[in-house]
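The lines below spell out each chain.
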Amino acid sequence: MLVVVSSLLRQAVGTRIRFEISESPIAPGGENAGLIASGAHSVDATLDAIHTDPGVLVEGTATALIKGQCSRCLKDCLTRVHTEFAEQYYATVDVVNGAPRLDPPAEAQTIGSDFRIDLTPLVAEELILATPFAPLCRADCKGLCLACGADLNLGPHAHEDRTDPRWKKLGTLEGFHADRE
Ligand SMILES: [Zn+2]
Ligand SMILES: [Zn+2]
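Caption draft 1: A look at the coordination of the zinc ion (ligand 1). On the protein side, the zinc ion (ligand 1) has Cys70 (SG), Cys73 (SG), Cys137 (SG) and Cys141 (SG) as donor atoms, found 2.2 to 2.4 Å from it. Considering all 4 donor atoms around the zinc ion (ligand 1), angles at the metal cover 106 to 112° and the coordination shape is tetrahedral. A residue is classified by how much of its surface remains accessible, and cysteine 141, at 5% relative accessible area, is buried.

In structure tokens form, the structure reads like this:
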């Protein structure tokens, strides 16, 4: 998620530029590839880059489909995740004359001499935080039968023989002894 801000930084403080980023599925070799590490299959993001005194404030929202496994039926599923993000990026080089600017605060995100901001680490982290711990393939997933593991979403399911399989085995043994006598 690369955003080029050189033209924005040449405009008045307060100017904002909107960026729309949409990719489905995310290309493994593309500029959004870093999002795949967060489990994202596709991403739609809308963000504003705003020229501020120290640099560029980026604020926006992202919706992504995250690959996962349903916590009830264990099938692969995609979970829709929505997140909001905002981050101040500090310009370290003056866009007009190339002169170095005041040192940004420690731990601050910076904009280098290429005037590109890579939002991938920020958005990837937000998506991970927004991803549910126990995803569901659908809200009313019926899960698996506790006795035989059958997928209960596929239809009505009942066990006619309620005998515990261990007792069944014992029954065969008794029959065996009976035959010998
Ligand atoms: Zn499920
Ligand atoms: Zn069953």
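Caption draft 2: Structural view of the sheet that holds strand β6 (residues 109-111). A sheet is described by the order of its strands in space; here 5 strands give the open sequence β2-β3-β4-β5-β6, paired in mixed fashion. In this open sheet, the two edge strands, each paired with only one partner strand, are β2 (16-23) and β6. Each strand of the sheet is rotated relative to its neighbour by a mean of 25°, with strand direction disregarded. Bridge count for β2 against strand β3 (residues 40-51) is 8 bridges, and the pairing is antiparallel. Opposite glutamate 23, over in β3, you have valine 43 as the bridge partner.

Caption draft 3: How the structure looks around the side chain of histidine 51. Mapped onto the elements of the fold, histidine 51 is located in strand β3. At a separation of 3.4 Å, a polar atom in the side chain of histidine 51 contacts the main-chain carbonyl oxygen of leucine 8. Residues in contact with histidine 51, not counting those within four places in the same chain, are Leu8, Leu9, Gln11, Ala12, Val13, Gly14 and Thr15.

Caption draft 4: Inspection of the coordination of the zinc ion (ligand 2) at higher detail. Protein-derived ligands of the zinc ion (ligand 2) are Cys145 (SG), Cys148 (SG), His157 (NE2) and His159 (NE2), with the metal-ligand distances lying across 2.0 to 2.2 Å. The coordination sphere of the zinc ion (ligand 2) comprises 4 donor atoms, whose angles at the metal cover 102 to 122°; the geometry is tetrahedral. The sequence pattern formed by the donor residues of the zinc ion (ligand 2) is C-x2-C-x8-H-x1-H. Taking the relative accessible area as the measure of exposure, cysteine 148 reaches 44% and is therefore partly exposed. On the basis of relative accessible area, histidine 157 is assigned to the partly exposed category, the value being 36%.

Caption draft 5: View of the environment of alanine 62. By secondary structure assignment, the location of alanine 62 is in strand β4 (residues 55-69). Residues alanine 62 and isoleucine 21, 41 residues apart in the sequence, show an inter-C-alpha distance of 9.0 Å. Ignoring any residue separated from it by four or fewer positions in sequence, one finds alanine 62 in contact with Asp44, Ala45, Val81, His82, Thr83, Phe85 and Val123.

Parameters at a glance
- Residues numbered from 1 in each chain as written.
- Chains lettered and ligands numbered in written order.
- Predicted model: local features only at pLDDT ≥ 70, side-chain atom pairs only at ≥ 80, totals over all residues.
- Heavy atoms only, no water.
- Donors = N, O, S within 2.8 Å, 3.2 Å for Na, K, Ca; no water.
- Tetrahedral: all angles 85-135°; square planar, octahedral: opposite > 155°, others 65-115°.
- Buried < 20%, exposed > 50% of the residue type's maximum accessible area, 1.4 Å probe, protein only.
- Pairing = 2+ DSSP bridges.
- Helix = DSSP H or I, 4+ residues; strand = E, 2+ residues; numbered from the N terminus.
- Axes fitted to C-alpha atoms, helices over the stretch in contact; angles between N-to-C directions.
- Polar contact = N/O pair within 3.5 Å; in protein donor to acceptor, adjacent residues only side chain to side chain.
- Contact = heavy atoms within 4.5 Å.

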